[in-house]
Amino acid sequence: MTVFDPNYPVALRIQPKEQDDSYFRIGYGVLHDHMLHPEISGCKILATGDSICEQSYFMVNSQRPDSLNFYRLSPNEDFFNYECDAFFSWEYGTDTVLLLYRPASAELPELTVRYVRVARSFKDDYPYPNPLYYFTRVRLLAGTFTVKDAAGKVVCTKLIIGEDGKMAGFLPFKNRLCYFSTDVYCGPQETEDVVLCCLVDDASEFDCDAYYYHALPFGVFQFLERKYNEESEEYEVGKVKYTFIKHG
């Protein structure tokens, strides 16, 4: 929590298909958010007429760099470039490093954030990942698993968790999407990692079960009960609910 500002872009999604005329849309993820967002490019209109958007994004005019090859970002209401300019550029090397730069303003100090590439392409059936959701899932959750219950009994021999969060092969998680939660910034500070397993409807409404996440060696992790204590008004770690043993 002390390494990176929870409201600044911690992960970026950049791909050619999101260029429209001379403008690039750059999707980004932040650590602190009280909502889960659809993994789309920009916004979509619901049947009710309401609109719902991805977590955050910038627009960049790719035809108008300045003399140092920096591209001005569109104004954004989030804290990173609120009421000040911000710019995007890159450095070539063995792998390209992306740069996000914000000059000092009356409200905010100068800041440079450097990003390294973690994926070179996205799948056709998962074209617009939220870059933070994608990264945490790939590193911590995605794969094919054998599942054991609290007593150590095998209850599923092939549970699949996709890079897009889709869970399949085990009835308690049927039709659910999983998210590794980074939102631990409000209320009593969490001392444990949390995973959300959610049902999502056509209006992108989320109904989620929450578990504490414990990583073990050799690709094994556990879901533990997340119990609310009425007296202390805080969540507590409960018993092990499931153990996931990764294949291969």
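This structure is a prediction, so every number in the text was calculated from the model and none was measured.

**Q** Any chance you could explain the overall build of the protein here in plain terms?
**A** When helices and strands are counted, the protein shows one helix and 18 strands. Principal-axis analysis of the C-alpha atoms gives the protein an extent of 65 × 45 × 45 Å. Buried positions account for 40% of the 248 residues belonging to the protein. Within the protein, counting contacts between residues at least 6 apart in sequence, those at least 24 apart form 43% of the total. As presented, the protein carries roughly 14600 Å² of accessible surface, and 51% of it is formed by carbon and sulfur atoms. Considering the protein, the positive charge centre built from 24 side chains and the negative charge centre built from 37 side chains are found 10 Å apart.

**Q** I tried to follow the environment of Lys-148 on my own but got confused; where do I start?
**A** Residue position: Lys-148 is located in strand E11 (residues 143–148). Owing to a relative accessible area of 29%, Lys-148 belongs among the partly exposed residues under this scheme. Leaving out residues up to four positions away in the same chain, Lys-148 has contacts with Lys-153, Val-154, Val-155, Lys-241, Tyr-242, Thr-243 and Ile-245.

**Q** Explain helix H1 (residues 131–140) to me, please; I cannot follow it from the model alone.
**A** Turning to H1, its buried residues are Pro-131, Leu-132, Tyr-133, Tyr-134, Thr-136 and Arg-137. Where H1 is buried, its residues touch strand E1 (11–13), strand E3 (23–29) and strand E14 (177–181).

**Q** Sorry, what's going on with the side chain of Gln-15 here?
**A** Along the polypeptide, Gln-15 turns up in the loop between E1 and strand E2 (19–20). Reaching out from Gln-15, the side chain makes a polar contact with the backbone oxygen of Pro-127 at a distance of 2.6 Å. In this structure, Gln-15 is in contact with Phe-24, Phe-122, Pro-127 and Tyr-128, ignoring residues within four places of it in sequence.

**Q** What is the right way to look at a nonpolar patch on the surface in this model?
**A** Side chains of Val-116, Val-118 and Phe-135 sit close together on the surface and give an oily, nonpolar patch of about 270 Å² of accessible area. Topologically, Val-116 is positioned in strand E10 (residues 111–116).

Procedures and definitions
- Counting restarts for each chain, with residues numbered from 1 along the sequence as it is written.
- Local features are withheld for residues below a pLDDT of 70 in this predicted model, meaning they are given only at 70 or higher, and side-chain atom pairs are given and counted only at 80 or more; totals for whole chains, interfaces and linings count all residues.
- Excluded from the side-chain calculations are hydrogens and water; all other atoms, namely the structure's heavy atoms, are used.
- Put simply, DSSP H or I for four residues or longer makes a helix, DSSP E for two residues or longer makes a strand, and each gets a number counted from the N terminus.
- Residue burial is assigned from relative accessible area. The probe radius is 1.4 Å, only protein chains are included, and a residue is buried under 20% of its type maximum, exposed over 50%, and partly exposed in between.
- Here, two residues are considered to be in contact whenever any of their heavy atoms come within 4.5 Å of each other.
- All accessible-area figures derive from a Shrake-Rupley calculation using a 1.4 Å probe, and residue coverage is judged against the displayed protein chains alone.
- Here the positive residues are Lys and Arg and the negative ones are Asp and Glu; neither His nor the chain ends is included.
- Working definition for charges: the position is that of NZ of Lys, CZ of Arg, CG of Asp or CD of Glu.
- The definition of a polar contact used here is a pair of N or O atoms within 3.5 Å, where within protein one atom must be able to donate a hydrogen and the other to accept one, and adjacent residues in sequence count solely through side-chain atom pairs.
- Here, patches come from residues exposed beyond 30% relative accessible area and free of salt bridges, joined within 9 Å for like charges and within 5 Å for nonpolar side chains (Val, Leu, Ile, Met, Phe, Trp, Tyr).
- For this document, the term salt bridge refers to a Lys or Arg side-chain nitrogen within 4 Å of an Asp or Glu carboxyl oxygen.

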